[in-house]
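Survey of secondary and tertiary structure
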Amino acid sequence: MKLRSIVFFIACFFLHTAVFSQDKNVKLPANWYNLDLIKDGYFGISTEKAYTELLQHRKPKEKIIVAVIDGGVDISHEDLKDVLWTNKKEIAGNGIDDDGNGYADDVHGWNFIGSKKGNLAYDNLELVRIFREYQPKYRSTIKSTILDSTQKEEFALYTKVTAAFGKKYDEAHQTFAVVAMINKVLDSVGQINHKAIPSLEDIERYKADSEEEEQCKKIIRKGARESGSIEKFHKEMKDAYKQYDVMLKYNLNPKYDERAALVGDDYSNAKERFYGNNDVAGPNAEHGTHVSGIIAANRKNNIGINGVADNVSIMAIRVVPEGDERDKDVANGIRYAVDNGARVINMSFGKGFKWNKEVVDDAVKYAEKKGVLLVHAAGNDNQNNDLEENYPTKYYDSPEAIAYKKAHKKPDLSAMLFRPNANQQQGPGMGRNVPTLPLKPVIDTAKFNLPHANNWIEVGASAYKNDASLKASFSNYGKYTVDVFAPGFMIKSTVPGSKYEEFDGTSMAAPVVSGLAALILSYYPELKPREVREIIMKSVVKVEQKVKHENSRGESERISFKELCVSGGVVNAYEALKLAEHYKTK
């Protein structure tokens, strides 16, 4: 139960709203995302069927390097240690840049958010960094203040991030208070019964001291049922406490900024390339390790799980702290991957605001020129990416895009998206009540024809049942901006310490597609990125039934899958490999 899921769950409980989410009270095969819908009954991508029926008597032509740009990878994990990319030109541990690529001792990859002084574990959200940059300049600005064109754009951005900052702070502060109370009840009941984790019977017998504790008992009962067990819910609440503590202390704290002290680069120079260290795990490698396992966990060692791709190497590139990644680091991560032989780059991260998008655009163009495919997670806010941004994106801030934006400039309604319930109290943050948006948003489709990358796949998350619950309730979507869906619900994969856990998210769906792309390329290495993209999109299993969905106005509805993504379906390894066999390269 990740951050948004927790907010969603708690808000819905207190507001008594009927909300759809997938049932977690189910035991799924550990590799359900690799299974076949017809043969196995789970809406996986038919990986095992492909290996058995199409690849059993064939040998791959090339080992494909997949770069995982993320928060770190546990390179000692039992299921990953034999599938790591190794820079054979580098002598480990001698402190010398043996291959002359600018990065000393980059044996398995590089960490762009560290230095000899240590690693950057936490950072602000991008909107907080923008707020901190512009607040001294515009906090006293009023409508009658005379501004030039550049200042007007900066002030508009400042106004937008201030509203977004207020909303996020209020939400985090309120939710943290509830999560803290839930944890207090769990701990109290556990202590009374001399248990680390109380049972539901223990919770039921506990006499609440207040109405708040009684409400927490109800949340615990409901949460345990929806999570599958009290043990799972207990872990989710402990994780939630840590995550909201980090959010309030670091992510949403304008006074926190350790970039200069711990990274030491010239952050104002977006084109600076050579900084960081070779600690590719960093202080928290959970997310990146999980992503790596989905792509490439060893299929031959008879332990743990099986990744999607077999003949593959994982290149670990760390650019994502606990907080928002910075554009400069993302661009350098892409360039490092390209220069060191990656054919596929997985990017399971995203944010709502940009700072140096032009440097990311240049890196994406460089990757396209060098024949490298980029796979990006669509995001986990049940957001329509046709209407709202999820950076990085494949759309360039080109002269055409800038001219188009100026010619079609509309009033910024972003602040109006914050619409708390009338019964919901405001916290001490900067948010404020504003009008709602009653009308169905109109999508400007012409902008999707503006210059963009052709080596990019945007991925939404699907669940395991071929019914109305197929779209993962949290997944972002977009008829024009999200290309495909892939399994991203209850995905079991590798985590640090040679352990395995189930995670949800488009962060899990993207590596399913990255693994599929690597699998295709290992047998058909002559394919170009746009051709791999075309094969993956044309070979999806189309979703015939309408699926449950909460739209941007908060209304529950059933919608055709072709309204959620360009391809209208879920990726499929078996069908993709069949199509690749007969695909004519152009």
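Residues numbered from 1 in each chain as written. Predicted model: local features only at pLDDT ≥ 70, side-chain atom pairs only at ≥ 80, totals over all residues. Heavy atoms only, no water.

Looking now at the confidence of the model for the protein. Here the protein shows a mean pLDDT of 91. Residues at 70 or above account for 91%. Here residues 14–18 is modelled with pLDDT under 50, and outside its nearest four sequence neighbours on either side it reaches 6 contacts, counting other chains as well. (pLDDT = per-residue confidence, 0-100. Contact = heavy atoms within 4.5 Å.)

Evaluation of the coordinates by the stated rule reveals 22 aromatic pairs. Judged by centre distance (5.6 Å) and plane angle (70°), the ring pair of phenylalanine 112 and tyrosine 275 falls under edge-to-face. With a gap of 163 residues between them, phenylalanine 112 in the loop between strand S2 (109–111) and strand S3 (114–115) and tyrosine 275 in the loop between helix H9 (259–262) and helix H10 (286–296) connect regions that are remote in the sequence. Ring pairing ties together the aromatic residues Trp85, Tyr103, Trp110, Phe112, Phe274, Tyr275 and Tyr336, which thus form one cluster. Positioned over the ring face of tyrosine 366 is arginine 335, at 4.8 Å from the centre of the ring. Directly above the aromatic system of tyrosine 396 lies the positively charged group of lysine 365, at a separation of 4.7 Å from the ring centroid. (Phe/Tyr/Trp six-rings, centres within 6.5 Å; stacked < 30°, edge-to-face > 60°. Helix = DSSP H or I, 4+ residues; strand = E, 2+ residues; numbered from the N terminus. Lys NZ or Arg CZ within 6 Å of the ring centre and 35° of its normal.)

This next bit is on the packing of helix H14 (residues 506–523) against helix H16 (residues 573–581). Relative orientation of the contacting elements H14 and H16 amounts to 30°, with a least axis distance of 10 Å. The angle between the axes of H14 and H16 places the two elements in the roughly parallel class. The crossing of H14 and H16 is right-handed. The residues of H16 that touch H14, namely those facing Leu516, Leu519 and Ile520, are Ala573, Ala576, Leu577 and Ala580. Partitioned by chemical class, the residues of the contact of H14 with H16 number 7 nonpolar, no polar and no charged. (Axes fitted to C-alpha atoms, helices over the stretch in contact; angles between N-to-C directions. Parallel < 35°, antiparallel > 145°, perpendicular 65-115°, else oblique. Left-handed = near helix turned anticlockwise from the far one by under 90°. Nonpolar A, V, L, I, M, F, W, Y, C, P; charged D, E, K, R; others polar.)

For an α-helix, 3.6 residues make a turn, and residues three or four places apart therefore share a direction. In a regular helix each residue adds 1.5 Å, so 17 residues correspond to 24 Å; helix H7 (residues 211–227) covers 24 Å between its end C-alpha atoms and thus fits that length. Looking only at H7, the buried set comprises Glu213, Gln215, Cys216, Lys217, Ile219, Ile220, Gly223, Ala224 and Ser227. After H7 finishes, the residue glycine 228 shows a positive phi value of roughly 105°. (Expected span 1.5 Å × (residues − 1). Buried < 20%, exposed > 50% of the residue type's maximum accessible area, 1.4 Å probe, protein only.)

Among the nonpolar cores identified, the biggest contains 69 residues, and Val513, Ile520, Ile536 and Val571 are the most heavily contacted of them. Here this core gets 12 residues from one element, more than from any other, and that element is H14. The residues touching valine 513, leaving out its near neighbours within four places in the chain, are Val375, Ile457, Val459, Val484, Ala486, Ile536 and Val571. Ranked by size, the runner-up nonpolar core spans 37 residues in total, among them Ile113, Met347, Phe349 and Leu374. (Core = buried A, V, L, I, M, F, W, Y, C linked by side-chain atoms within 4.5 Å.)

For the rest of this paragraph, the subject is unusual backbone geometry. Cis peptide bonds are those with omega within 30 degrees of zero, and the linkage from tyrosine 391 to proline 392 qualifies with 0°. You will see that asparagine 382, though not glycine, has its phi angle at about 45°, which is positive. The topology assignment puts asparagine 382 in the loop between strand S7 (373–377) and helix H13 (399–407). Here the phi dihedral of methionine 490 falls at roughly 50°; this positive angle occurs in a residue that is not glycine. Counting through the fold element by element, methionine 490 comes out in the loop between strand S9 (484–487) and strand S10 (491–495).

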